[in-house]
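Commentary on secondary and tertiary structure
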Amino acid sequence: MALLAPGAGRPAPAAAPAGSGMASIRGRVEVRRAPGAHGARPSVAELGTPAAAAEPDRRRSVVYLEEAPRGAFEVPSTRGTMDQRNEAFAPYVLPVLVGTTVDFPNSDRTYHNVFSFSKTKRFDLGRYARGGSKAVRFDRPGVVRVFCDIHSHMSAFILVFAHRYFATTDAEGRYRIDNVPPGSYTVVAWNDGQARQSRLTRVPDAGGVVELDFVVD
Amino acid sequence: MRSRALFTTVLALAGATAPALALDPQNLAGGRLRLGGEASFAMAAQDHGFFNFTDYRDSNLRMTRIGGTAEFRVSPRLSLLGEVRTDNFHTVRPYALYARIRPWSKREIDVQVGRIPPVFGAFPRRGYGAANPLIGLPVAYQYLTSIRADALPASADDLVRMRGEGWLVRYPLGARAPDAGFPVVASLNWDTGAQVRIGSQPVQLSASVTQGTLGNPRFEDDNDGKQVAGRLAWNPVPGLILGASGARGEYLARSALAVLPAELAGRTYRQRAWGADAEYSRDYWLVRSELIWTAWDMPAVRAPLIASPLAALAVMVEGRYKVAPGAWLAARYDHLGFSEIVATAGPISWDAPVHRFEVVAGYAVHRHVALKAGWQRNRRDGGVVHRQDFAVGQVLLWF
């Protein structure tokens, strides 16, 4: 997966100095393929129907600049939250900045055990009950696939960016990335585990709004 | 040598395929059809004492097991589930094949009909390699006793002669060909019948009626008797599960009953069992324990008589601790003891008591690929081989 690493976060040579005429890149990501229903193993060994789990919103995408403008890397440490509710992670995809600490509260009546064996961050939070929460700090850019060790159907993604030029789509697929300095950029639409489409765009010196839509199959 | 080469191949394959196996279990037809699979390869020295044999041919510590599972949701109230497996490539056999019915969509009542998962105990439903932190199986669920359905000891002396020889039992009554005895509970074969489960949290009640018995699950009935089994599970707080199980079923085959004197052939010979289990987990700890008592009725044909049912008591305690992300240590202690009978030489347990201790270190190379290495110690008060220790390794792939 080419997302975010190793080139991600590099300064874009074509970018003008920040502050000369900031623009917004906005648009819509249309996800045409049916979201893959995946994650659950056949429940052959169960004595009955397993408890119903919430279906994660796999239509949400993340749009980001493949290479960020200079000066985009001085970002404060922040905090994010990925809840565990109705045997699903919420949100299903969480983009964060490098240095962000993500809390994993458990809002279910059962135990959960968050873990990831991703190269970007390998961790295991152990089992904890409702009301409990543990946190992980993400110090390297990359994709972190998160699972629950108890419920094999639970999975989610954390996208760790080295810069702040990214946005998550809303329920209609719309996104907006603000304060982009003039320059040429490759903008990537990422959905459900993959960078689905990338498009080249130019932010004019005068700033303004650049419209950029994506259609991913 | 061949096993070692196969082990190396599987290990290399596991490493090479690890990134590809990042795939989720395959859900097709809009999620209505789910496919899963598991492959495991375990290697250890020859088991001369047959401590880990699951039948006459196969040791669980020298086992290549490949299985595929499928679940097809016909409607919100009806699903069809199945699993096929091959052990050491002998044959491909259906391990599970049943229909799951939820008669009322808003009531937590499920009915399963066909070759169904066992209701009794806790271990059989997590017997998959990915759910077992160790490599071996609990003694109660695997170790072969000297009880058979189709062959019978005529006297206590016949029984005593087979102490510790459960892998190849021969008796004077019934089938003459030597064959493997039963475990207390067979976890590697599922029974055929119907099962109902009521509730899910915090209390779950399950009951089943099946063709075979705990030790001898069957696809076809061999004695016109049915087994009734039940389990009550209570989950009072997250992380704690307490369970109680019971089962009773006729185990002697028609062919064995046919060779008994008329006054004995007319009686009913059952396996009865009670079980208690507990699981507690928190943070990086997981502890499980099971206690199983069982007894087989046995006809008293000839002196010295087998005067009372043949009882066995099994206890198992296992624990797992995650030492680092993807890495764990696990240990299990097992004991299987047997009641006493009076043979010509005096009182003696009807089968040889067995102790087993196993410790395993595991590492998940990837979510779907795990490597395990361990050591297993076996001690038995009888049989040709009284003690045997094993260094054992296992490669496990699942999706």
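Owing to the predicted nature of the structure, the values given are computational and were not obtained by experimental measurement. (Residues numbered from 1 in each chain as written. Chains lettered and ligands numbered in written order. Predicted model: local features only at pLDDT ≥ 70, side-chain atom pairs only at ≥ 80, totals over all residues.)

A tally of helices and strands in chain A yields 0 helices and 18 strands. Taking all 217 residues of chain A together, the buried fraction comes to 45%. Residue pairs at least 24 apart in sequence account for 68% of intrachain contacts in chain A once pairs closer than 6 positions are excluded. (Helix = DSSP H or I, 4+ residues; strand = E, 2+ residues; numbered from the N terminus. Buried ≥ 20, exposed ≤ 12 C-beta atoms within 10 Å, placed from the backbone. Contact = placed C-beta atoms within 7 Å.)

We now examine the overall build of chain B. Looking only at helices and strands, chain B features 4 helices and 21 strands. In summary, chain B has a C-alpha radius of gyration of 21 Å against a globular reference of 21 Å for 399 residues, a match within 12%. With the principal axes as the frame, chain B shows a C-alpha extent of 65 × 55 × 40 Å. Residue burial in chain B is summarised as follows: out of 399 residues, 45% are buried. For chain B, the proportion of contacts with a sequence separation of at least 24, taken over those separated by at least 6, is 58%. (Rg over C-alpha atoms; globule rule 2.2 N^0.38 Å.)

The next point concerns unusual backbone geometry. A cis amide bond, omega 0°, links Ala90(A) with the succeeding residue Pro91(A). Among the structural elements, Pro91(A) can be located in the loop between β5 (88–90) and β6 (93–97). Residue Pro304(B) is bonded to the preceding Ala303(B) through a cis peptide linkage, with omega at -5°. Among the structural elements, Pro304(B) can be located in the loop between β14 (285–296) and β15 (310–324). Within the chain, Glu87(A) stands out as a residue other than glycine whose phi angle is a positive 55°. Take Glu87(A): it is sitting in the loop between β4 (83–85) and β5.

The interface of chain A with chain B comprises 26 residues on the first partner and 36 residues on the second. Looking at the side of chain A that touches chain B, the element that brings in the most residues is strand β9 (residues 122–124) of chain A, giving 3 residues. In terms of residue class, the side of chain A that touches chain B is built from 13 nonpolar, 7 polar and 6 charged. (Nonpolar A, V, L, I, M, F, W, Y, C, P; charged D, E, K, R; others polar.)

What follows deals with the sheet that holds strand β15 (residues 183–191) of chain A. Residue and element names in this part refer to chain A. Spatial ordering of the open sheet is given by β13-β2-β15-β16, a layout of 4 strands whose pairing is antiparallel. Across the chains shown, the open sheet's two edge strands, defined by having one partner strand only, are β13 (166–168) and β16 (194–203). Strand-to-strand twist of the sheet, defined as the mean angle between neighbouring strand axes without regard to direction, takes the value 20°. In this sheet, β15 lies alongside strand β2 (residues 61–65) in antiparallel orientation, the contact comprising 5 bridges. Each residue of the ladder has a partner; that of Leu65, found in β15, is Val187. (Pairing = 2+ DSSP bridges. Axes fitted to C-alpha atoms, helices over the stretch in contact; angles between N-to-C directions.)

Looking now at the sheet that holds β9(A). Pairing between sheet strands relies on hydrogen bonds along the backbone, with the strands arranged either parallel or antiparallel. All names here are of chain A. The 5 strands lie next to each other as β6-β12-β11-β8-β9, forming an open sheet whose pairing is mixed. The sheet is open, and its two borders are formed by β6 and β9, each paired with just one other strand. Pairs of neighbouring strands in the sheet enclose a mean axial angle of 30°, with direction left out of account.

Counting residues in hydrophobic clusters, the biggest one holds 56 residues, and the most contacted among them are Ala140(B), Val185(B) and Ala314(B). Where this core is concerned, the elements lending two or more residues are β7 (151–152), α2 (156–161), α3 (254–257), β14, β15 and β16 (327–338) of chain B. Counting residues per element, this core draws most heavily on β15(B), at 4 residues. Leave out the neighbours within four places in its chain, and Ala140(B) touches Val184(B), Val185(B), Glu290(B), Ile292(B), Ala314(B), Met316(B) and Leu336(B). Residues Val31(A), Val143(A), Val146(A) and Phe157(A) belong to the second largest nonpolar core, which totals 47 residues. (Core = buried A, V, L, I, M, F, W, Y, C linked by C-beta atoms within 7 Å.)

Here we take up the confidence of the model for chain A. Residues with a pLDDT of 70 or more make up 85% of chain A, whose mean pLDDT is 86. The low-confidence segment residues 5–19 of chain A (pLDDT under 50) makes 38 contacts with residues lying over four places distant or belonging to another chain. (pLDDT = per-residue confidence, 0-100.)

Residue and element names in this part refer to chain B. Following the sequence through the fold, Gln26 ends up in strand β1 (residues 26–28). Accessibility expressed as a C-beta count within 10 Å gives 16 for Gln26, which makes it partly exposed. Taking the C-alpha atoms as reference, Gln26 lies 6.6 Å from Gly36; in sequence the two are 10 residues apart.

Attention now goes to the pairing of strand β11 (residues 142–148) of chain A. Residue and element names in this part refer to chain A. Summarising burial for β11: 6 of the 7 residues are buried, a large majority. In this structure, strand β8 (residues 114–117) lies alongside β11, joined through 2 bridges in antiparallel fashion. From the neighbouring strand, Phe115 faces β11, where its bridge partner is Phe147. Sheet analysis places β11 next to strand β12 (residues 155–161), joined by 6 bridges and oriented antiparallel. Following the sheet pairing, Val143 is matched in β12 by Leu159. Hairpin geometry of β11 and β12 is characterised by an intervening segment of 6 residues between the two adjacent antiparallel strands.

Residues and elements named next belong to chain B. Counting all residues, the mean pLDDT for chain B is 92, and 94% of those residues have values of 70 or more. Throughout residues 6–22 the model reports pLDDT below 50, and contacts reaching past four residues in sequence, or to other chains, amount to 20 contacts. For this predicted complex, the interface confidence comes out at an ipTM of 0.84, alongside a pTM of 0.88.

All names here are of chain B. Its place among the elements puts Trp285 in strand β14. For Trp285, a count of 14 C-beta atoms within 10 Å translates into the label partly exposed. It is 19 Å that separates the C-alpha atoms of Trp285 and Gly129, two residues lying 156 residues apart in sequence.

Another point: the environment of Phe390(B). Residue and element names in this part refer to chain B. Along the polypeptide, Phe390 turns up in strand β21 (residues 387–398). Classification of Phe390 as buried rests on a count of 22 C-beta atoms within 10 Å. Sequence separation between Phe390 and Ala44 is 346 residues, and the spatial gap between their C-alpha atoms is 6.3 Å. Ignoring anything within four residues of it in the chain, the contact list for Phe390 reads Ala44, Ala45, Leu61, Trp375 and Gln376.

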